[in-house]
Amino acid sequence: MKLSILGGGGFRVPYVYQALLRDQGSPRIDDVWLYDTDAERLKAMTDVLARFADDFPDAPKVTATTSLDSALEGSDFVFAAIRVGGLAGRVCDERVALDLNVLGQETTGPGGLAYGLRTIPVMVDIARRVRELAPQAYVINFTNPAGMITEAMQSVLGDRVLGICDTPSGLGRRVSLALGLDASRAQFDYVGLNHLGWMRRVLVDGEDVLPRLLADDDLLGDFEEGVVFGREWLRDLGLIPNEYLYYYYFNRDAVRSILDAPRTRGEFLSRQQGEFYQRVTQAAGASPVELWRETVANRSANYMAEAKGTVQGETPPDEAFSPDPVHQGYAGVALSVMAAISRNERATMILNVRNGTTIAALPADAVVEVPVTVDANGVHPLATTPPDLSQAGLMQQVKAVERLTISAALTGSRADAVKAFSLHPLVDSVTVGRKLLDGYIDRIPEVAAVFHRSA
């Protein structure tokens, strides 16, 4: 089977490839195509993958290309993980908002809307190419903002597009690990949108074990979300929020922390990744795998530094919050999806999928993040308890903003873009909303192009 990875020069590609190397099922992915617009990044990443493949005689073949159509043609699965505008665009996403004392973050708040504006037209065009060149393929979308991008692509490919984020599954694993339980035996009651969800129950043998974690001072104090939100707030809520809800529940604290830091996350990653690709290209005799591992370890240790009381770019004193290296986040979920669809290895996981009748408070064609069953017949959302009023209200407001952003991105409507920025709960000001849009148009060419196209 053929897998094409769009954004093939990206940092998560080795995780995906390692998962494929370990997969012994049949049929399996034996043909991997890496697509990227940057030939140097592709060369660096193929060097890393080649080293990983050394000990595997049946390693999937890897082909690198800067031709999108060549990568897509005949694919069985398509992984999409691209960054329109590169890390320079991400830095502007953050800084334009921060200059107005508004949260500057990759996916949450106005930065996520700017990212969506410039990414949606590209991803919808990719969806049309998939429909033409690989009509039977499933698209597994990693591209952020994942829920918004998945919903836009579904307008072309329907339910053959699903979105993956490792945050909900990682949360479930951490709850299980904290309680000494096997995560594979747990059923997770989770509801929300991408980067806006709540783990309400964790059922093991019919018992909800989440209250045990919430009641234990020591366990909760060492738990990642206990550090991010504080034990008292988690107990007040009676559940565990997705870590990105920190930016809503502690918005002023988050903005102040980012403003006080010497650099934003985007600025840190831009410098770090530039150094990595340069070192891989120039370092004679150095192992590209070790360079990649070193870079990823530092990258992971600095994830959401503002929520954990650390500084972006500095090694935290406690690295207990690094992603689970065994499951490797996105890669483990993605491999489970492919195995379920291609081999009918039925699996339950939390994905970004079309709502249908799952959450009555949202439209049927809205993309939501909920538990689903995946098998050879596709993706099937599970019935879920309705969200409470505070959850449903926040989801509705953010979903309305997402849909306005999709409309603006596809039509070039400045009015829809202004409404999207102004109505976002983390902006909540028409004056600031207009300034945000103007700032992104002025500083990010790919955002400006969205509106120039319709002029």
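Refer to the structure printed above.
Just so you know, these numbers come straight off a predicted model, no measurement behind them.

(A) Up close: empty space enclosed by the protein. For the coordinates displayed, the defined rule picks out two cavities of 30 Å³ or more. Contributions of two or more residues to the lining of the largest cavity are made by helix H5 (110-133), helix H6 (146-157) and helix H17 (389-411). Tallied by class, the residues present in the lining of the largest cavity amount to seven nonpolar, seven polar and one charged. Approximately 40 Å³ is the volume found for the second largest cavity. Together, Met-1, Leu-20, Asp-23, Pro-27, Arg-28, Ile-29, Leu-335, Met-338, Ala-339, Ser-342 and Arg-343 line the second largest cavity. Counting residues per element, the lining of the second largest cavity draws most heavily on helix H16 (residues 330-343), which supplies five residues. Among the residues making up the lining of the second largest cavity, the classes are represented as seven nonpolar, one polar and three charged.

(B) Region of the structure containing the packing of aromatic side chains. According to the stated counting rule, one finds 14 aromatic pairs in the structure shown. Ring centres of Phe-11 and Tyr-277 lie 5.9 Å apart, and the angle between their planes is 80 degrees; this geometry places the pair in the edge-to-face category. One end of the pair, Phe-11, is in the loop between strand S1 (2-6) and helix H1 (13-22); the other, Tyr-277, is in helix H14 (residues 265-282), and 266 residues separate them in sequence. Accessibility classification places Phe-11 together with Tyr-277 in one group, the buried group.

(C) Broad picture of the side chain of Ser-176. Summarising the element assignment, Ser-176 is placed in helix H7 (residues 166-178). With a relative accessible area of 2%, Ser-176 lands in the buried category. The residues contacting Ser-176, other than those within four sequence positions of it, are Leu-181, Asp-182, Ala-183, Ala-186 and Phe-188.

(D) Helix H4 (residues 86-98), seen in detail. Here H4 spans 19 Å end to end across 13 residues, near enough to the 18 Å set by a 1.5 Å rise per residue. For H4, a buried count of 11 out of 13 residues is recorded, marking the element as mostly surrounded by other parts of the structure. Among the residues of H4, Leu-87, Gly-89, Arg-90, Val-91, Cys-92, Asp-93, Glu-94, Arg-95, Val-96, Ala-97 and Leu-98 are the ones counted as buried.

(E) Molecular detail of the pattern of salt bridges. One pass over the full model with this rule turns up 30 salt bridges. The shortest N-O distance in the salt bridge between Asp-47 and Lys-43 comes to 2.9 Å. You can see Asp-47 and its partner Lys-43 sitting in helix H2 (residues 39-53), four residues apart, about one turn around the helix. The partly exposed category is assigned to Asp-47, whose relative accessible area is 26%. The class for Lys-43 is partly exposed, based on a relative accessible area of 49%. When salt bridges that share partners are traced, they join Glu-151, Asp-365, Lys-399, Glu-402 and Arg-403 into one network.

(F) Structural view of H14. An ideal rise of 1.5 Å per residue puts 26 Å on 18 residues; H14 measures up with 26 Å between its terminal C-alpha atoms. For H14, every residue scored as buried is listed here: Arg-265, Gly-266, Phe-268, Leu-269, Gln-272, Gln-273, Phe-276, Tyr-277 and Val-280. Around the axis of H14, the buried residues are gathered within 150 degrees of arc, so they sit on the same side. What points out from H14, more than 90 degrees from its buried face, is the exposed set Thr-281 and Gln-282. Among the structural elements, H2, H4 and helix H15 (288-301) are those in contact with the buried residues of H14.

(G) Layout of the packing of H1 against H16. The interhelical angle for the contact between H1 and H16, taken along N-to-C directions, is 45 degrees, at an axis separation of 9 Å. The pairing of H1 with H16 is recorded here as oblique in orientation. In the packing of H1 onto H16, the handedness of the crossing is right-handed. Residue-level inspection shows Tyr-15, Val-16, Ala-19 and Leu-20 of H1 in contact with H16, the latter providing Ala-331, Leu-335 and Met-338. Per-class residue counts for the contact of H1 with H16 are seven nonpolar, no polar and no charged.

(H) Expanded view of the packing of H14 against H15. Closest axis-to-axis distance for the H14/H15 pair is 10 Å, and the angle between their directions is 170 degrees. Relative to H15, H14 is oriented roughly antiparallel. For the pair H14 and H15, the contacting residues are Arg-265, Phe-268, Leu-269, Gln-272, Gln-273, Phe-276, Arg-279 and Val-280 in the first and Pro-288, Leu-291, Trp-292, Glu-294, Thr-295, Asn-298 and Arg-299 in the second. Class assignment for the residues of the contact of H14 with H15 results in seven nonpolar, four polar and four charged.

Calculation criteria
Residues numbered from 1 in each chain as written. Predicted model: local features only at pLDDT ≥ 70, side-chain atom pairs only at ≥ 80, totals over all residues. Heavy atoms only, no water. 1 Å grid on protein atoms, 1.4 Å probe; cavity = no way out; pocket = protein on both sides within 12 Å on 5 of 7 lines; lining within 4 Å. Points joined across faces, edges and corners; volume = space filled by probe spheres on them. Helix = DSSP H or I, 4+ residues; strand = E, 2+ residues; numbered from the N terminus. Nonpolar A, V, L, I, M, F, W, Y, C, P; charged D, E, K, R; others polar. Phe/Tyr/Trp six-rings, centres within 6.5 Å; stacked < 30°, edge-to-face > 60°. Buried < 20%, exposed > 50% of the residue type's maximum accessible area, 1.4 Å probe, protein only. Contact = heavy atoms within 4.5 Å. Expected span 1.5 Å × (residues − 1). Salt bridge = Lys/Arg side-chain N within 4 Å of Asp/Glu carboxyl O. Arc of directions from axis to C-beta. Axes fitted to C-alpha atoms, helices over the stretch in contact; angles between N-to-C directions. Parallel < 35°, antiparallel > 145°, perpendicular 65-115°, else oblique. Left-handed = near helix turned anticlockwise from the far one by under 90°.

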